[in-house]
Structures are given as C-alpha cells and as structure tokens.
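Remarks on the overall topology
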Amino acid sequence: MSSAYGMEFGGADPMNRNSMGSSQSNSRRYEEQTLIPVTIRMMLNATPSPTDSGNLSLRDGREIHQVKFVGAVRGVDEQSTNASFQIEDGTGLMEVKQWVNTEDCRAVTQMRMEASVENIYVRIVGQMKDYDGRKSVMAHSVRRISTGNELTHHMLEVVYSFERYKRGGIGASKGAMPQSVTPYGGNMQSGGSYGGGMGGGQAFTSNNSMGGQMGMGGNMPNGTDLVRRYIKTEGDKSDIGADVNMCKKYFENQLSPSDVDSALAHLASEGHIYSTVDETKFKSAE
Amino acid sequence: MAEQQQEDGYYPRLNGQMLQNPRHMGGIISLVGTILQNDGTALSVRCADGQMARVTIEPDFVGNVGTTVEIVGVHNDDGTVTLFVARDMGNDFDMATYNQMIAKVQNNPKYAELFTP
C-alpha cells in the first residue's frame, strides 16, 4: 500500500507535539508522532489511556495522537475563526473543528471551500480531543477526496493497520513484511495482546519494554519483540533453549546480527530471557 | 418495524445480495451503485455485486443515468430502498474492490469493533 503518512498543514495552527508534560524521553516523543487510520467508530470507542499520558487509546490498545479518516460532510458551520463539520462515515458521527485564519493563502481557503459542501466525502487529518466525554477532532487538514476509491482504500487501510499492529509490526523499519513475523506471532497470541503477563488493553505502560505501534520505541533495540517471541517459541521446545545463531539466521532478512545481539542483551537485562548452558543458548523467562 | 434505535451516522454498507437479507430492514443503510434507469419515481441501480436494486426517490431528485452514487436511505421490508441522500462517487469508482471490501471486511465479524456500534 502506498499511502502517504504525510501531514498537510493547511495554514492552521501547527500541531504542538510537546504538549505532553514532563518526563519526555526520546521514545515517548517518537511514539507521539504516530498517525493512525481510523474509522469514526474506533474514535468513539476510544478511552483514556491506561498510562497517564493524557491521551486516548483505541480499543485495540493503540494510543492515538494524530488520526486520519474519510467521511461525508453531514453539515458545516463556518464562523470567522473556525469551521465546524459534522462528519459521518457509516460507522458513526464525529464533530470536526478547524481553525480559520483570515490570512490564509488562497490555496488554503480554496481547499476549505471545496471541502465545505454537504454530502461530499472528505479526508480529515487531525488530533482527537475528548472534553468531558464529548469527542471531537481538531483538524489541520480537511480535504475533499479526489476519487471515490479513497473511501474504499481508507477502510482497507484501517483494517490493514489494525492487523499489522496485532501481528507485531516491529522490524517493519527494515522493510520486513508481516508474513515473516506470522509464524511466531500467530503461534503466540490468542487475544491479540503482546507477551505473557499483560492484559489486552494494557499493552502500553510508561516503562514499556515491549513493542510500540506503527513506529518503534526509541530506546529499544530494533526487533526486540521479534527476538523475544523467537526465544519463547524455540526456547520452550527444549531444556537448552533457543540457539543465538539459529535466531540470527532466521531473521537474516530483517535484522542484522548486531541487532539480534542488542535485542538479546536488552531482553536479558530486563529479565525476559536467560542463558542456559552457554552464552549462545537462551530460554524465555515468561 | 421493530428496529432498535440506530446510532446516528451508522449505516451498514450493502450490496444487492445483502439487500435481500431482512437483517437491516427498517433501518438506514448505504448502497453504492450505478444508476441505470431513472423514471422519476424510482431508480434502477446496479449494486457493487452486479445485482439490481430499486430505489424510491422524490420527484426533485437530480441524478444522471450512468453516475455512480452512494445512496443512504431506509431499507424497506420489500427489499427496496427509499432514498434520503445521494453522494456522487465519481466516474472511476472501483466497484469490484468496494464489493470485496464490504463483503469480506466491513461485514466480517472479526472487524466488527472497527465498524459497528
């Protein structure tokens, strides 16, 4: 899928990405740059995140920051400083607000006018807000779709992104396709949650040593989650456990040997795995 | 019509085959199709799966034959649809992919949490 996860700044106020409060490690900041394709239903089902980041989380566990979705304009109300849209996509109804700057250049104004027509489909990119249970989206881009196929594409993309998250898309930064992850991802999960002791909606805590969302935790070595599952599945088969070189060979198309070493070191230091007869054999502690 | 109160903005996307199913009758649905005939009182619409559907319209309805539209309206007990709004989906709309999307994805129980209340 060649979707552009780019951001369109339509002249409205730039997103303040650092609005999240004190202890900002680099990994947190990275995870806060995700842009997730959603349906309105997914947004309506979102609840405050179990971490106290102040963000909302989808029912599948992903924390949402920027969202994008496609829906039809049910109504539009233009004021001097903002425009307010009622958008529906067949899964629900959502209020979308966009700042209007009278100094916007003509292209921006034109884009907004083209989008402010009832019963057309638009693509919205913005940030979800929840004020006392009332949800809305603060959009920095509201753009009329260029073809009806954008609707179909978006719905498919929502499901693709959902599936990829469930199957553990870590290692995707090396261009790995989910197919190679599935043998281990598929064997492990029942409810789609990561790892051993965590419940479904609790996939993210502030000391997160497990996988991130579409992106990667910045302080965690590449492919840590893949290696962790490999060690668990292979290691559980014998007393000696999984072999490091076999692991490197298995992931040779996705991870470099040093990536695997870093992942092993990280997992061992966190206590998720332990070595057995020598430093080339590991078993999972979970 | 003992239909439970349908949530605002929610309407299942159907094709011709699904229109025969009483499950959504009495509620609001979405039907994407190509207008093949317009006789002033009703449209003949070819749905995403190729099957035909009949859509009742008001006399002031504007919709050219040959256009692909999304029709949102009431699914009647007799399998027809009464139109509320129609949205132009353009002349390059890929019906086959859309049909696959609604049949295998949106109506797939596995993804119900993403699409249905």
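The rules behind these values
Each chain has its residues counted from 1, running along the sequence as written. All chains are assigned letters beginning with A, and all ligands numbers beginning with 1, in the order in which they are written. For a predicted model such as this one, the threshold for reporting local features is a pLDDT of at least 70, and the threshold for listing and counting side-chain atom pairs is 80 or more; totals across whole chains, interfaces and linings nevertheless cover every residue. Computation of side-chain values covers all heavy atoms of the structure but excludes hydrogens and water. The buried label applies to any residue whose accessible area, calculated with a 1.4 Å probe on protein chains only, is under 20% of its type's maximum; exposed applies above 50%, and partly exposed to all values in between. We count a stretch as a helix when DSSP gives it H or I for four or more residues in a row; a strand needs E for two or more, and each element gets its number in order from the N terminus. For two strands to be treated as a pair, DSSP must find no fewer than two bridges joining them. Residue contacts are defined here by distance: any two heavy atoms, one from each residue, within 4.5 Å place the two residues in contact. Buried area is understood as the total, over both parts, of accessible area removed when two parts are fitted together, assessed with a 1.4 Å probe. Think of a salt bridge as a Lys or Arg side-chain nitrogen and an Asp or Glu carboxyl oxygen that are within 4 Å of each other. A 3.5 Å cut-off defines polar contacts: any pair of N or O atoms within that distance qualifies, except that in protein one atom must be a possible hydrogen donor and the other a possible acceptor, and neighbouring residues in sequence count only when both atoms are side-chain atoms. Ring pairs shown here join Phe, Tyr and Trp side chains whose ring centres sit within 6.5 Å, with only the six-membered ring taken for Trp; geometry is labelled stacked below 30 degrees between planes, edge-to-face above 60, and tilted in between. The span expected for a helix works out to 1.5 Å for each residue beyond the first. The axes are straight lines fitted to the C-alpha atoms, using for helices just the contacting stretch, and the angles between their N-to-C directions are given from 0 to 180°. Should the near helix be turned anticlockwise from the far one by less than a right angle, the crossing is termed left-handed; should it be turned clockwise, right-handed. Under the convention adopted here, Pro, Cys and the residues Ala, Val, Leu, Ile, Met, Phe, Trp and Tyr are nonpolar, Asp, Glu, Lys and Arg are charged, and Gly plus all remaining residues are polar.

**Some remarks on the pairing of strand β12 (residues 281-284) of chain A**
All names here are of chain A. Burial along β12 is two-sided: the face carrying Lys281 and Lys283 and the face carrying Phe282 and Ser284 are both buried. Where strand β10 (residues 242-243) lies against β12, 2 bridges are found, and the strand directions are antiparallel. By the bridge assignment for β12, alanine 242 is matched with phenylalanine 282. Summarising the sheet, strand β11 (residues 273-275) and β12 pair through 3 bridges and their orientation is antiparallel.

**Looking at the interface of chain B and chain A**
Contacts between the two partners involve 25 residues from chain B and, on the opposite side, 29 residues from chain A. Summed over both sides, the interface between chain B and chain A buries roughly 2400 Å², with carbon and sulfur atoms accounting for 56% of that surface. For the chain B face of the interface with chain A, the top three residues by lost area are Arg87, Glu113 and Leu114 of chain B, together amounting to 27%. For the pair chain B and chain A, the number of links is 4 salt bridges. For the interface between chain B and chain A, the tally reads 18 residue pairs in polar contact (both at pLDDT 80 or more). Those elements that provide at least two residues to the side of chain B that touches chain A are β6 (81-88), α2 (95-106) and α3 (112-115) of chain B.

**Side note on the packing of aromatic side chains**
All names here are of chain A. Using the criterion set out here, one finds 5 aromatic pairs over all chains in the structure. Pairing tyrosine 250 with phenylalanine 251 gives two aromatic rings, centres 4.9 Å apart and planes at 90°, and the pair type is edge-to-face. Ring pairs connect the aromatic residues Tyr230, Tyr250 and Phe251, which therefore count as one cluster.

**A look at helix α4 (residues 149-166) of chain A**
All names here are of chain A. For α4, which comprises 18 residues, the first-to-last C-alpha distance of 26 Å matches the rise-based estimate of 26 Å (1.5 Å per residue) to within 8%. For α4, the buried fraction is high: 13 of the 18 residues fall into the buried class. In the segment just after α4, glycine 168 is the residue with positive phi, at about 80°.

**Remarks on the sheet that holds β11 of chain A**
Residues and elements named next belong to chain A. Spatial ordering of the open sheet is given by β10-β12-β11, a layout of 3 strands whose pairing is antiparallel. Edge positions in the sheet fall to β10 and β11, since each has one partner strand and no second. Along the sheet, helix α6 (residues 224-235) contacts β10, β11 and β12; its crossing angle with β12, the most-contacted strand, is approximately 95°.

**Some words on the packing of α4 of chain A against α2 of chain B**
Where α4 of chain A meets α2 of chain B, the closest approach of the two axes is 10 Å, and the angle between their N-to-C directions is 35°. Handedness of the crossing formed by α4 of chain A with α2 of chain B: left-handed. Contact residues: α4 of chain A offers Thr152, Met155, Leu156 and Val159 of chain A, while α2 of chain B offers Thr97, Tyr98, Met101, Val105 and Gln106 of chain B. Residues of the contact of α4 of chain A with α2 of chain B, tallied by class, amount to 6 nonpolar, 3 polar and no charged.

**Considering the sheet that holds strand β3 (residues 56-57) of chain A**
Residue and element names in this part refer to chain A. Read across the open sheet, the 3 strands follow the order β2-β3-β4; overall the sheet is antiparallel. In the strand order of this sheet, the two ends are held by β2 (47-48) and β4 (63-64), each with one partner. Judged from the 2 bridges that link them, β2 and β3 form a sheet pairing that is antiparallel. Counted as the bridge partner of threonine 47 is serine 57 from β3.

**Here we look at the pattern of salt bridges**
A side chain of one charge can pair with a side chain of the opposite charge if their charged atoms are brought near each other. In the structure shown here, the tally under the stated rule is 21 salt bridges over all chains. A salt bridge links glutamate 163 of chain A to lysine 166 of chain A; the nearest nitrogen and oxygen atoms lie 3.7 Å apart. Remark: lysine 166 of chain A and glutamate 163 of chain A occur in helix α4; sequence separation between them is 3 residues, near one turn of the helix. Taking the relative accessible area as the measure of exposure, glutamate 163 of chain A reaches 11% and is therefore buried. A salt bridge links glutamate 252 of chain A to lysine 249 of chain A; its shortest N-O distance comes to 3.7 Å. Sharing partners across several salt bridges, the network here consists of Arg74 and Glu88 of chain A together with Asp8, Arg13, Glu70 and Arg87 of chain B.

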